[in-house]
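One letter stands for each residue in the lines below.
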Amino acid sequence: STTCQQQLRQKSSSPIPAPVLSKWYSIFGKSTIGYATWLVGGIIVAEGLTGMLGDAFWGSVNHGRTFDTVDWSKFKTDDEEEEEEEEEEEEEEEGAGDEEGDDDDDDDDE
């Protein structure tokens, strides 16, 4: 009978060491609120990890098909390129006008 109990203890040994389980129990397992805190915390962490892994997997499978990963330069038309060139020219002209400066502001004192 004694050997049967020893064999059962050896077979039912946990992969988690007994001191770790004892410490966990003293922190979380003794009270209902402690155990509830453990469950809520575990659920939040597991949900966060699952969400991040799911998003990473979805992003890798759909790479090149989402708004952020599409190469939009492939869809440019000649009209858009001309508009961009015109905008750049206008910006250059506006920048040149600012560099000349006005001397009229200094003459107000006279």
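Residues numbered from 1 in each chain as written. Predicted model: local features only at pLDDT ≥ 70, side-chain atom pairs only at ≥ 80, totals over all residues. Heavy atoms only, no water.

Colleague: Which parts of the structure should I look at to understand the overall build of the chain?
Modeller: Counting its secondary structure elements, the chain contains 4 helices and 0 strands. Counted from the first residue to the last, the chain has its helices and strands arranged as α-α-α-α. A buried classification covers 3% of the 110 residues belonging to the chain. (Helix = DSSP H or I, 4+ residues; strand = E, 2+ residues; numbered from the N terminus. Buried < 20%, exposed > 50% of the residue type's maximum accessible area, 1.4 Å probe, protein only.)

Colleague: Could you clarify how one ought to interpret the packing of aromatic side chains in this entry?
Modeller: Describing an aromatic ring pair means giving the distance of the ring centres and the angle of the ring planes. In the structure shown here, the tally under the stated rule is 6 aromatic pairs. Ring pairs connect the aromatic residues Trp24, Phe28, Tyr35 and Trp38, which therefore count as one cluster. (Phe/Tyr/Trp six-rings, centres within 6.5 Å; stacked < 30°, edge-to-face > 60°.)

Colleague: Would you explain a nonpolar patch on the surface in this entry?
Modeller: On the surface, Tyr35, Trp38, Leu39 and Ile43 cluster together into a nonpolar patch covering about 410 Å² of accessible area. Exposure remark for Leu39: the relative accessible area of 39% places this residue in the partly exposed category. (Patch = residues over 30% accessible without salt bridge, like charges linked within 9 Å, V, L, I, M, F, W, Y side chains within 5 Å. Areas by Shrake-Rupley, 256 points an atom, 1.4 Å probe, with all protein chains shown as cover. Salt bridge = Lys/Arg side-chain N within 4 Å of Asp/Glu carboxyl O.)

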